[in-house]
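Breakdown of the fold
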Protein chains: 2
Amino acid sequence: MEKEIKLFAPATVANVAAGFDILGFALEKPGDEIIIKRSNTPGIRIINQSSFTSMPLAPEKNTSGVALQAFLNHLESKQGFEITFLKKVKPGSGIGSSAASSAAAVFGANELLDRPLSTKDLVIFAMEGERCASGSAHADNVAPALLGGFVLIRSYRPLDIVPLPTPEQLYCSIIHPQIELKTEDARKVLRKQITLQDAITQWGNTAGLIAGLFMEDYGLIGRSLQDVIIEPIRSVLIPGYENMKEAAMTAGALGCNISGSGPSLFAFSTSSDKATHIAESMQKVCSSLNIDSDIYVSRVNKKGPVITG
Amino acid sequence: MEKEIKLFAPATVANVAAGFDILGFALEKPGDEIIIKRSNTPGIRIINQSSFTSMPLAPEKNTSGVALQAFLNHLESKQGFEITFLKKVKPGSGIGSSAASSAAAVFGANELLDRPLSTKDLVIFAMEGERCASGSAHADNVAPALLGGFVLIRSYRPLDIVPLPTPEQLYCSIIHPQIELKTEDARKVLRKQITLQDAITQWGNTAGLIAGLFMEDYGLIGRSLQDVIIEPIRSVLIPGYENMKEAAMTAGALGCNISGSGPSLFAFSTSSDKATHIAESMQKVCSSLNIDSDIYVSRVNKKGPVITG
């Protein structure tokens, strides 16, 4: 018998300033919308009805196809699935486009198979989608895409995923300047050696950020939202970065940094009005440089994927 | 009129594994016991009635004298004080001997002057005692010595001190092998450059440790108590380190690492019995190497300095 559900999986922000490679959080919007269907024929079929036509449809090249296949292999299941993308986070934005797809696919399939696994256990399969997308099976987008809220990846070997609390009043402004910046390239520019002194500064801020989330201390979150190691290098690849950040801070942001490996920026604030003002202020800078941009304003998403139909 | 109080200030563990330079916590024992007295003659007078005869008595060379003078300078006070040391944490142990002295002095003087400053505000003066003791005004011993519990030093410029919660069932075992290891020397052996990959592992564990404290998740605290940067280098300076650590883990420790810059080790566990067993197991290793040692077992101290008379 065929059975289908429609669902939403959120975009996410990884590399949260001093949380490089270990921390991410989910957004209320944007996100992927898909329909996933059990089909009577084996194999995975991808259908793209979103506005992004470049998505590979071969399941072994498609992030959600790869993630879903890893999940099915684990279950030793021959069940066939059909995934239809209705809306898609723009690829290459730095807000977890591939992660949203992978999360949507494995979450939906797990639902259709009556939840053989917990949502947390799905992370490892969604990570295979990330490996397909960027060459590295990182979890700091897929874990929050699946679990919602802030999620810490304490360790990869063994995988240790720690859901963190989400302060109630935390709003996020996102700007996605329409320039191309590949994750792989953004990773290549990083230095392999850093100074111990910078590392100490960094993990002081990592610790402050984690403490701030638990204490709902917005001042501490803001003060901790600093990155002395990655941001100084990667921000050079984003035209107008310093000016956008300055505009965000002037507009009342607690802090502002690169989302994922860029080119998007995220900024935190404590109200919807402020968050909108911050996003618009960053967009003005972008416009003055003749760079098109998308902006999004939302709370931090506590739910992860949601079945919408 | 002369006025005096007797007080206890705790020993402390700094550099808590992945919390190098940014995290410390206080012990219930051991600690310094002092009597501090307002005197009618200006200046600071140090009297040593403890068993450690090597303590400098000139106030400008004595950690507590330096800390107290910094405090008095800030207040623009000419008040004279007399400090008598009754018991003293062994210098050079790695459990905050100088910090206990500095904390005791400034806390006591602040009390005798009817608390012109908050305890948190005293940290910066106690740090001057640390500068005198080790050449570096670090705060990861003096802050927990003054505030009790776990304390994060998120940043030094500006100084940003964040008191953290202390899990109720957390016990600490300390072993102090009687070998000499100067803080300055232990600092010299550190590499100035580290790999980004190690740094990421480290701040994943920093984040895990902070989250574990907030969640009272003893398993997470244990898993996070790893240091891939400092411990591999400094542990070489401590004879029998690996065997002591292994003995602690076998005896049921959540985790074990170097206290401060050594030579002491600390281990966490969740009961008084386990903590005693762990301390004794580490001591056996020390004895087998013909190294004398002191051991201490206590909960994490939540109070900081206490007036005892």
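Residues numbered from 1 in each chain as written. Chains lettered and ligands numbered in written order. Predicted model: local features only at pLDDT ≥ 70, side-chain atom pairs only at ≥ 80, totals over all residues. Heavy atoms only, no water.

Here, UniProt's "domain: GHMP kinase C-terminal" (unreviewed entry) annotation points to residues 216–286 of chain A. For residues 216–286 of chain A, the end-to-end C-alpha separation is 32 Å, with 51% helix and 13% strand making up the annotated structure. (UniProt positions renumbered as here; feature names shortened; annotations may be inferred. Helix = DSSP H or I, 4+ residues; strand = E, 2+ residues; numbered from the N terminus.)

Quick look at the relation of the copies chain B and chain A now. With an RMSD of 0.0 Å, the operation that places chain B on chain A is a rotation of 180 degrees combined with a shift of 0.0 Å along the axis. The transformation relating the two chain copies, once decomposed into turn and shift, fits a two-fold axis. A high fraction, 100%, of the interface residues of chain B reappear at the interface in chain A, so the copies pair face to face through one surface. (Least-squares fit on C-alpha atoms with pLDDT ≥ 70 in both. Contact = heavy atoms within 4.5 Å.)

Facing 37 residues of chain B, the contacting portion of chain A comprises 37 residues. Buried surface at the junction of chain B and chain A, both sides included, amounts to about 2,800 Å², of which 71% is carbon and sulfur. If you sort the residues of chain B by the area they bury against chain A, R154(B), L196(B) and W203(B) come out on top, with a joint share of 27%. The tally of links from chain B across to chain A stands at 2 salt bridges. Between R223(B) and D160(A) there is a salt bridge, and its shortest N-O distance comes to 2.7 Å. (Buried area = accessible area lost by both parts, 1.4 Å probe. Salt bridge = Lys/Arg side-chain N within 4 Å of Asp/Glu carboxyl O.)

It is worth spelling out the side chain of S64(A) at this point. All names here are of chain A. Along the chain, the position of S64 falls in helix α1 (residues 63–75). Exposure remark for S64: the relative accessible area of 0% places this residue in the buried category. Not counting the four nearest positions on each side in its chain, S64 is found in contact with I46, I83, F85, S101, S102 and A105. (Buried < 20%, exposed > 50% of the residue type's maximum accessible area, 1.4 Å probe, protein only.)

Below, the discussion takes up the domain arrangement of chain A. Residue and element names in this part refer to chain A. Per the domain assignment, the segments of chain A are domain 1 (3–164 + 302–307) and domain 2 (171–299). Taking only C-alpha atoms, the centre of domain 1 and the centre of domain 2 are 24 Å apart. Each partner contributes residues to the interface: domain 1 has 25 residues there, and domain 2 has 37 residues. Between domain 1 and domain 2, a total of about 2,300 Å² is buried, with carbon and sulfur atoms accounting for 66% of that surface. Between domain 1 and domain 2 we count 1 salt bridge in total. Its salt-bridge partner being K90, residue D294 comes within 2.7 Å of it at the nearest N-O pair. On inspection of domain 1 and its partner domain 2, the count reaches 10 residue pairs in polar contact (both at pLDDT 80 or more). (Domains from an automatic or database assignment. Polar contact = N/O pair within 3.5 Å; in protein donor to acceptor, adjacent residues only side chain to side chain.)

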